[in-house]
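Secondary and tertiary structure notes
Spelled out from the first residue to the last, the chains are:
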Amino acid sequence: RLAAALSLRRGLEISDTNDDVGRLVFSEADGIPGLIVDRYADVLVVQTLSAGADRLLPLWLELLDEMLSPTAIVERNDTHSRKLEGLDVRSRVVSGELESTVVVHDGGLEFEVNPLLGQKTGYFLDQRENRLRASEYAAGRCLDVFCYQGGFGLQLARGGAEEVVLVDQSSKSLQLAQRAADRNKLSVKTEVANAFDFLHDQQVDGQSYDVVVLDPPAFAKNKNSIPRAARGYKEINLRALKLLKPGGILISSSCSYHMSEEHFENIILSAGMDAGRTLQVLERRSQARDHPVRLGFPESRYLKCFVLRAI
Ligand code: SAH
């Protein structure tokens with residue numbers, strides 16, 4: 001099964017790039033419930049999120065070593081979902097040697113990824129294709145809110161934006177983003193701020209943008225939190241729309257599985273109505289193809305990414 005999953009990744013490379021990152025195994029969607037394997041250049045990161053997959057961890061490690069000969073394999077089993085399975089929480093280098101960061105190529109840009117300490121397995125692989133796509137909408141002043149390492153913003157800068165502002169509440173994330181900008185010889189401004197406050201203050205300040213990207217963490221972590229999450233999504237989308245110039249582009253994501261695409265669309269519509277803006281959907285996107293959706297297993301489709309024009 002592992003060999004089959006790995007062979008399915010062939011042909012999914014993004015053309016015209018020398019990318020060396022991607023998800024190699026996506027759990028149930030690849031027929032191996034609970035197993036996640038991500039690649040960062042020569043380093044593999046493994047998660048076993050179900051009790052069954054966890055019991056087989058030694059086997060996965062042996063097989064991955066044999067089939068892919070990575071320089072190191074990291075176990076990132078520090079997710080909350082493991083606690084629900086009654087599993088312990090740990091992250092460590094399980095084989096080979098790892099310097100603290102790995103330099104990777106993604107969408108024609110270089111990033112430093114820390115597989116032991118970075119968010120998720122070190123980086124957000126699921127937005128890869130959407131970030132690359134965003135570069136095609138680059139124009140004038142661009143804002144990347146909830147930027148982490150600046151993945152969207154750097155693509156906008158690469159695509160020819162005149163000015164790119166990156167916003168995150170974590171100063172550590174913004175340091176990573178600034179390093180990535182320097183590494184790629186791109187110019188960005190960084191703002192450590194709570195996104196809700198920042199968007200509000202920008203409006204009071206009379207600022208406007210040609211492109212705004214919203215990529216918040218999952219606001220709805222379970223069914224019960226959907227109403228609260230909906231208010232959060234509505235608020236950031238409304239505030240972002242108020243900052244958009246006529247004809248401006250909003251790239252708005254939700255990675256909450258519990259928030260359906262239809263519900264998310266309605267929230268954006270309602271934000272548009274409150275902002276007095278008519279919205280055109282240019283693209284309705286999802287997670288990158290190396291996070292395939294298994295039909296009949298709706299949990300495997302979690303990422304929504306709308307590209308909208310606000311008129
Ligand atoms: N767009 C990124 C991934 C974003 S992950 C990429 O493509 O790689 C979500 C980010 O939102 C995290 O970096 C987290 O620090 C940040 N964040 C969470 N809550 C926030 C808030 N209220 N205000 C600003 N940033 C926030």
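Structure: above.
This write-up is about the structure you can find in this document.

Parameters and conventions
- Residues numbered from 1 in each chain as written.
- Predicted model: local features only at pLDDT ≥ 70, side-chain atom pairs only at ≥ 80, totals over all residues.
- Heavy atoms only, no water.
- Near = heavy atom within 4 Å.
- Polar contact = N/O pair within 3.5 Å; in protein donor to acceptor, adjacent residues only side chain to side chain.
- Areas by Shrake-Rupley, 256 points an atom, 1.4 Å probe, with all protein chains shown as cover.
- Nonpolar A, V, L, I, M, F, W, Y, C, P; charged D, E, K, R; others polar.
- Salt bridge = Lys/Arg side-chain N within 4 Å of Asp/Glu carboxyl O.
- Helix = DSSP H or I, 4+ residues; strand = E, 2+ residues; numbered from the N terminus.
- Buried < 20%, exposed > 50% of the residue type's maximum accessible area, 1.4 Å probe, protein only.
- Axes fitted to C-alpha atoms, helices over the stretch in contact; angles between N-to-C directions.
- Parallel < 35°, antiparallel > 145°, perpendicular 65-115°, else oblique.
- Left-handed = near helix turned anticlockwise from the far one by under 90°.
- Contact = heavy atoms within 4.5 Å.
- Arc of directions from axis to C-beta.
- Pairing = 2+ DSSP bridges.
- Right-handed = clockwise from strand over helix to strand, strands pointing away.

**Let's talk about the site of the ligand**
Lining the immediate surroundings of the ligand are 16 residues, of which Arg131, Asp168, Gln169, Ala195 and Asp215 lie closest. Measuring from a nitrogen atom of the ligand, one finds a backbone N or O atom of Phe146 at 3.2 Å. In the model, a nitrogen atom of the ligand is placed 2.7 Å from a nitrogen or oxygen of the Asp215 side chain. Contact with the protein chains covers 91% of the free accessible surface of the ligand, which is 580 Å². Residues that form the shell around the ligand fall into these classes: 8 nonpolar, 5 polar and 3 charged.

**Here's the deal with the pattern of salt bridges**
Tallied over the entire structure, the rule returns 29 salt bridges. Among the salt bridges present, the one from Glu283 reaches Arg133, with a minimum N-O distance of 2.8 Å. In this pair, Glu283 sits in strand S13 (residues 279–285) while Arg133 sits in helix H5 (residues 128–134), placing the two residues 150 residues apart along the sequence. Assessed through its relative accessible area of 30%, Arg133 is described here as partly exposed. A salt bridge links Glu235 to Arg239; the nearest nitrogen and oxygen atoms lie 2.7 Å apart. With Glu235 and Arg239 both in helix H9 (residues 226–243), this residue pair falls 4 residues apart, about one helical turn. For Glu235, a relative accessible area of 30% translates into the label partly exposed.

**Description of the packing of helix H8 (residues 195–204) against H9**
Here H8 crosses H9 at 30°, and the two axes come no closer than 9 Å. Here H8 lies roughly parallel to H9, going by the angle between them. Viewed along their axes, H8 and H9 form a crossing whose handedness is left-handed. Every residue of H9 that contacts H8 at Phe196, Asp197, Leu199, His200, Gln202 and Gln203 is listed here: Gly232, Glu235, Ile236, Arg239, Ala240, Lys242 and Leu243. Its residues assigned to classes, the contact of H8 with H9 shows 5 nonpolar, 4 polar and 4 charged.

**A look at H8**
Of all the residues in H8, the buried ones are Ala195, Phe198, Leu199 and Gln202. Angular distribution of buried residues about the axis of H8 spans 95°; they occupy a single face of the element. Looking at the packing, one finds that the buried side of H8 touches strand S8 (141–145), strand S9 (163–168), strand S10 (189–192), strand S11 (209–214) and H9. Put simply, Asn194 is the residue that caps the front of H8, since its side-chain oxygen is 2.8 Å from the backbone nitrogen of Phe196. Just downstream of H8 lies Gly206, where phi reads positive at about 75°.

**Looking at the packing of H9 against helix H10 (residues 261–275)**
Remark: H9 packs on H10, axes separated minimally by 8 Å, with the N-to-C direction vectors making an angle of 45°. Taken as axis vectors, H9 and H10 run oblique relative to one another. Relative to H10, H9 is oriented so that their crossing is right-handed. On H10, the residues that touch Ile226, Ala230, Tyr233, Lys234, Asn237, Leu238, Leu241 and Lys242 of H9 are His263, Phe264, Ile267, Ile268, Ser270, Ala271, Gly272, Asp274 and Ala275. Looking at the contact of H9 with H10, its residues break down into 10 nonpolar, 4 polar and 3 charged.

**Some points on the pairing of S8**
Of all 5 residues in S8, 5 are buried, a share of seventy percent or more. Burial along S8 is two-sided: the face carrying Arg141, Leu143 and Val145 and the face carrying Cys142 and Asp144 are both buried. Pairing analysis gives 5 bridges linking S8 to S9, with the strands arranged parallel. Note on S9: the bridge partner recorded for Arg141 is Glu163. For the segment spanning S8, helix H6 (residues 151–158) and S9, crossover handedness is right-handed. Looking at chain direction, S8 and S11 are connected through 4 bridges and run parallel.

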